[in-house]
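Take a look at the letters that make up each chain.
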Amino acid sequence: MRGNNVLGIIFSNMKDQLIRELTDQRTMGSVPFGGRYRLIDFPLSNMTNSGIGRVGVVTKSNYRSLMDHVGSGKAWDLSRNRSGLVFLPPYRTGNALYINRIGALEGIREFIASSKEEYVFMTDCDTVCSLDVQKIVDFHLENNADITIVYTEGTAPDRRPELIAMDIDNCGHITDIRINPNPTKKIRFGLSMYVMRRDFLVQVIDDAACHNLQSFEADILQAGVAKYRIFGYQHQGYVGIISSLSEYHKVNMQLLQEDVRKALFSQERPVYTKVRDEMPARYGLGSQARNSLVADGCVIDGEVENCILFRGVRVGKGARLVNSIVMQGSIISESCDLNYLIVDKNVTIRPERRLMGYDSYPVYIGKESVV
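For the structure given in this document, a descriptive report is provided here.

Here we look at the overall build of the protein
Part 1: In terms of regular secondary structure, the protein is built from ten helices and 28 strands.
Part 2: What you see for the protein is a C-alpha radius of gyration of 21 Å, in line with the 21 Å of a compact globule of 371 residues.
Part 3: When its C-alpha atoms are laid out on the principal axes, the protein stretches across 65 × 50 × 45 Å.
Part 4: Buried positions account for 56% of the 371 residues belonging to the protein.
Part 5: For the protein, the proportion of contacts with a sequence separation of at least 24, taken over those separated by at least 6, is 58%.
Part 6: Total accessible area computed for the protein in this model is approximately 16400 Å², and 44% of it derives from carbon and sulfur atoms.
Part 7: Side chains of the protein give 44 positive and 43 negative charges; the mean places of these two sets differ by 4 Å.

Some remarks on unusual backbone geometry
Part 1: Positive phi, normally seen in glycine, also occurs at asparagine 212, with a value near 55 degrees.
Part 2: At tyrosine 340, a position not held by glycine, the phi torsion is positive, near 55 degrees.
Part 3: Residue placement: tyrosine 340 occurs in the loop between β24 (337-339) and β25 (341-343).

Some thoughts on helix α9 (residues 245-254)
Part 1: For α9, the buried fraction is high: eight of the ten residues fall into the buried class.
Part 2: Those residues of α9 lying buried are Leu245, Ser246, Tyr248, His249, Val251, Asn252, Met253 and Gln254.

As for the nonpolar core
Part 1: In this structure, Phe33, Ile40, Leu44, Val55, Phe121 and Tyr248 are the most contacted members of the largest nonpolar core, which totals 61 residues.
Part 2: Top element by residues in this core is strand β11 (residues 186-197). It accounts for five residues.
Part 3: Beyond its immediate stretch of four places on either side in the chain, leucine 44 contacts Ile10, Val55, Val70, Trp76, Leu78 and Leu85.
Part 4: Residues Ile9, Phe11, Tyr194 and Val204 belong to the second largest nonpolar core, which totals 38 residues.

Quick look at the state of the cysteines
Part 1: Inspection of every chain in the model, using the stated rule, returns zero disulfides.
Part 2: Unpaired in this structure, cysteine 125 has its nearest cysteine sulfur neighbour in cysteine 129, at a distance of 11 Å.
Part 3: Here cysteine 307 stays unpaired: no disulfide links it, and the sulfur of cysteine 298, its closest cysteine neighbor, is 11 Å away.

A few points about helix α6 (residues 133-142)
The periodicity of an α-helix, 3.6 residues per turn, causes residues three or four places apart in sequence to face the same way.
Part 1: The complete set of buried residues in α6 reads Val133, Gln134, Ile136, Val137, Phe139 and His140.
Part 2: Buried residues in α6 make contact with β1 (6-11), α2 (41-49), β6 (119-124), β8 (147-155), β11 and β12 (230-234).
Part 3: For α6, the N-terminal capping position is held by aspartate 132, with its side-chain oxygen 2.9 Å away from the main-chain nitrogen of glutamine 134.
Part 4: Immediately beyond the C-terminal end of α6, within one or two residues, lies asparagine 144, with a positive phi of roughly 50 degrees.

Some points on the pairing of β6
Looking along a regular strand, one sees side chains alternate from face to face of the sheet.
Part 1: Within β6, six of the six residues are buried, which leaves the element mostly enclosed by the surrounding structure.
Part 2: Here β6 shows a buried face lined by Tyr119, Phe121 and Thr123 and a second buried face lined by Val120, Met122 and Asp124.
Part 3: Pairing analysis gives five bridges linking β6 to β11, with the strands arranged antiparallel. If you follow tyrosine 119 over to β11, its bridge partner there is arginine 197.

Focus on the pattern of salt bridges
Part 1: Overall, the coordinates contain 17 salt bridges when judged by the stated rule.
Part 2: Linking arginine 290 and glutamate 305 is a salt bridge whose minimum nitrogen-to-oxygen distance equals 3.1 Å. Of the two residues, arginine 290 sits in strand β15 (residues 288-290) while glutamate 305 sits in strand β18 (residues 303-305), which places them 15 residues apart along the sequence.
Part 3: Relative accessible area serves as the criterion here: at 32%, arginine 290 is assigned to the partly exposed category.
Part 4: Looking at glutamate 305, the relative accessible area reads 22%, which means it is partly exposed.
Part 5: A salt bridge links glutamate 303 to arginine 320; the nearest nitrogen and oxygen atoms lie 3.8 Å apart.

Regarding the sheet that holds strand β22 (residues 325-326)
Part 1: The parallel open sheet is built from five strands, whose spatial order is β16-β19-β22-β25-β28. Unpaired on one side and paired on the other, β16 (293-294) and β28 (363-365) mark the two borders of the sheet.
Part 2: Judged from the two bridges that link them, β16 and strand β19 (residues 308-309) form a sheet pairing that is parallel. The residue of β19 that forms the bridge with valine 294 is leucine 309.

What about the pairing of strand β9 (residues 164-168)?
Part 1: Of all five residues making up β9, four are buried, and the element is well covered by its neighbours.
Part 2: As judged from the five bridges shared by β9 and strand β10 (residues 174-179), these two strands associate in the antiparallel manner. Across the sheet, residue alanine 165 finds its bridge partner in β10, namely arginine 178.
Part 3: Counting the residues that bridge the hairpin from β9 to β10 gives five residues, and of these glycine 172 lies at a positive phi of roughly 90 degrees.

Here we look at the side chain of serine 266
Part 1: With respect to the element layout, serine 266 can be found in the loop between α10 (258-264) and β14 (282-283).
Part 2: A distance of 3.1 Å separates a polar atom in the side chain of serine 266 from the backbone nitrogen of arginine 269.

Details of the environment of arginine 82
Part 1: On the secondary structure map, arginine 82 appears in the loop between α3 (64-70) and β5 (84-88).
Part 2: The exposed category is assigned to arginine 82, whose relative accessible area is 73%.

What to know about the environment of arginine 101
Part 1: With respect to the element layout, arginine 101 can be found in helix α4 (residues 101-107).
Part 2: Along the backbone, arginine 101 and asparagine 346 are 245 residues apart, and their C-alpha atoms lie at a distance of 33 Å.
Part 3: Those residues in contact with arginine 101 that lie beyond four places of it in its chain are Phe11, Met14, Lys15, Asp124, Ser192, Tyr194, Phe216 and Glu217.
Part 4: A polar atom in the side chain of arginine 101 sits 2.8 Å from the side chain of aspartate 124.

Criteria and cut-off values
- Residues numbered from 1 in each chain as written.
- Predicted model: local features only at pLDDT ≥ 70, side-chain atom pairs only at ≥ 80, totals over all residues.
- Heavy atoms only, no water.
- Helix = DSSP H or I, 4+ residues; strand = E, 2+ residues; numbered from the N terminus.
- Rg over C-alpha atoms; globule rule 2.2 N^0.38 Å.
- Buried < 20%, exposed > 50% of the residue type's maximum accessible area, 1.4 Å probe, protein only.
- Contact = heavy atoms within 4.5 Å.
- Areas by Shrake-Rupley, 256 points an atom, 1.4 Å probe, with all protein chains shown as cover.
- Lys, Arg positive; Asp, Glu negative; His and termini not counted.
- Charge placed at Lys NZ, Arg CZ, Asp CG, Glu CD.
- Core = buried A, V, L, I, M, F, W, Y, C linked by side-chain atoms within 4.5 Å.
- Disulfide = S-S within 2.5 Å.
- Polar contact = N/O pair within 3.5 Å; in protein donor to acceptor, adjacent residues only side chain to side chain.
- Pairing = 2+ DSSP bridges.
- Salt bridge = Lys/Arg side-chain N within 4 Å of Asp/Glu carboxyl O.

Structure follows, in structure tokens:
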């Protein structure tokens, strides 16, 4: 099975409500991550590295920054005369915005039906991982499955809507699906990644429309356990799940661990992103930077520890910045003392400010704010 026989679909707005602070003016897919990336870079790169040449990005609202970042898809080798990357803005009868995954699929039904690829791989943007889509499709074919769900094993993330937990036999066949299980218990839970035959997915969409079904997880997956051949494919590598603002901070901070960086950014499966050339980071006399990711264009005159700094961030003399994420173009003025912050783009923090959060409750400062 070649990757170019698979259609990729990315839901850029699904689960926006989990981190409203960051998605008020952008989609989940365009949320900045790791000093230079956006969350959509990971599913797009997974698809490109697996040979998928046609990808539809489903949007809903606040997607201007997403379009600016992704553009024509050139960074992912998806800028092509045929196939390539396609933006799928909301369209439904009466111009109503979709409210769930089934509604989103109904809105892009014609795009799916008119595609020539035989299989479809669908994913959201709230999961950070590196996986081989081709292996999932091969697993799907070997088991003659109707639906394959990608899952991992561990403690379920808190606050994730309609999380599905699965009972799976030794052959990978899913025998039971539970929705919103106890999050403190170690379980097998889905990553909102699915493989299906394209014609089967079109049939599912039409059936959902005829029966006014509202929940993909409950009405399609859970109700389909006895009806369809549903299998689970276990992803055994690193998985970071953005289910809240504190989890967003936690997953970013995990990038400071060497083993996590190696798992996500391997030479064999690189993560592509939009290239923005900047001057190298500059460190002033007496500055200190420890265990941090510092992007191009930063100017560090103070002290930085356990931080992730995006492009163009400035840290003034005498400032101390610890355990924080500072996004593009923000300015930390002289003699500030900051700990456990998430600072959005183009924020100015004036001199001698003292702000402190906690690892389970980081302080968020909104885009273009002045503190």
